[in-house]
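# Analysis of the macromolecular model
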Amino acid sequence: MPSVDLLPLTGWPFDLDSTLQSGQVFHWHPHRGGWAGLIGDVPVWISQPQPNLLHCTGGRGPLISQYLGLDHDLTSLTASFPPQDQPLQRAIAWCPGLRILRQPAWECLASFITSSLKQVPHIRKISLTLRERFGHPAPAADLPPQWTYPTPEALAQAGEAALRDCGLGYRAAFLHRTACDIAGGHFDFAGIARLPDEAARTALCQLHGVGEKIANCALLFGWQRLAAFPVDVWVERVLRQLYFAGNPDIKAKTLRDFARTHFGPAGGYAQQFLFHHARLAGALDRMATAR
DNA sequence: TTCCAGGCCCATG
DNA sequence: CATGGGCATGGA
């Protein structure tokens, strides 16, 4: 038997299953009562046999703790939310163990470029196909076959047609052009980490296929900018219905401005709680807002 | 069959 | 600045 690390959990709840299935990340597989996946190029296995305990691949406890954001102080972060915000408090109470991951920035950004106008299961399929065709194998004893996320160089080399052949549709051109910009040294990808949020968002939006929403996803999940607040179709419905009485005349820009100012420095966490609750708990009356 | 999905680009007012 | 059409693909 391979060795196993034990990670005791204390304080604020943590929910491994919900976190790995929350639409932040797209490559984890159910395996032996837990999850198999890669953190960067490191194959790992994680399970949560009890609410207050994780088991994981021996020797990988520190890496996994970092990836899962186990150090995030949710007590403080949630205390920074606006008081008396009932919709947000309900969403937190519904799944308090949801955590924002620390993903490798490139695979996060690239995955979200392939996400536009797609449902989570299909984003996942695209991600796994790209890995298998253009990544490299990362074998590990007792784990299923896995492949790393392809580098910008590998995707640039692959060519747009080969990407399109992975089911990307019109997103193939976006992903290919972005990969070429980064691989060719025309975009300072490493420099994003040194920029303040607003400048980083502006820079990312210069990449093809990256608008405000995808930039915010990448900043939140890939660069740990916890104030970044992605507004997708779900969150737009949440904001409109729960904070603007379902008024269909409220403009999208008004909703984005509200989100940025209302939720504060940990707004990204608020967004994840609201998104997760809306998507999985049926918290919204979709008919009322569908027009 | 029709509608929609963790949007973005680009052409018009 | 803001609005609307178009876009590839697949599942409900």
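Let me begin by describing the structure that accompanies this report. These numbers come from a predicted model, not from an experiment.

## Let's talk about unusual backbone geometry
Trans peptide bonds make up most of the peptide bonds, and negative phi angles are found at most residues other than glycine. Positive phi values are uncommon outside glycine, yet Leu117 reaches one of about 55°. By the secondary structure assignment, Leu117 is in the loop between helix H5 (105-113) and helix H6 (120-134). Of note, the phi angle at Ala245 is positive, near 55°, even though the residue is not glycine. With respect to the secondary-structure elements, Ala245 resides in the loop between helix H12 (233-243) and helix H13 (252-263). Relative accessible area serves as the criterion here: at 78%, Ala245 is assigned to the exposed category.

## A short note on the side chain of Glu107
Structurally, Glu107 can be placed in helix H5. A distance of 3.2 Å separates polar atoms of two side chains, one belonging to Glu107 and the other to Arg131. The contact partners of Glu107, leaving out residues within four places of it in the chain, are His27, Gly40, Arg131 and Tyr149.

## Examining helix H10 (residues 197-204)
Within the sequence span of H10, burial applies to Ala200, Arg201, Ala203 and Leu204. Around the axis of H10, the buried residues are gathered within 165° of arc, so they sit on the same side. The inward-facing, buried residues of H10 abut H5 and helix H11 (212-222).

## What to know about the nonpolar core
One finds Trp106, Leu109, Leu204 and Phe263 to be the most contacted residues of the largest nonpolar core, which totals 68 residues. The residues that make up this core include at least three from each of domain 2 (74-93 + 224-291) and domain 3 (103-223). With residues up to four places along the chain from it excluded, the contact list for Leu204 reads Leu109, Phe187, Ile192, Val210, Ala215, Leu219 and Trp223.

The rules behind each value
- Residues numbered from 1 in each chain as written.
- Chains lettered and ligands numbered in written order.
- Predicted model: local features only at pLDDT ≥ 70, side-chain atom pairs only at ≥ 80, totals over all residues.
- Heavy atoms only, no water.
- Helix = DSSP H or I, 4+ residues; strand = E, 2+ residues; numbered from the N terminus.
- Buried < 20%, exposed > 50% of the residue type's maximum accessible area, 1.4 Å probe, protein only.
- Polar contact = N/O pair within 3.5 Å; in protein donor to acceptor, adjacent residues only side chain to side chain.
- Contact = heavy atoms within 4.5 Å.
- Arc of directions from axis to C-beta.
- Core = buried A, V, L, I, M, F, W, Y, C linked by side-chain atoms within 4.5 Å.
- Domains from an automatic or database assignment.

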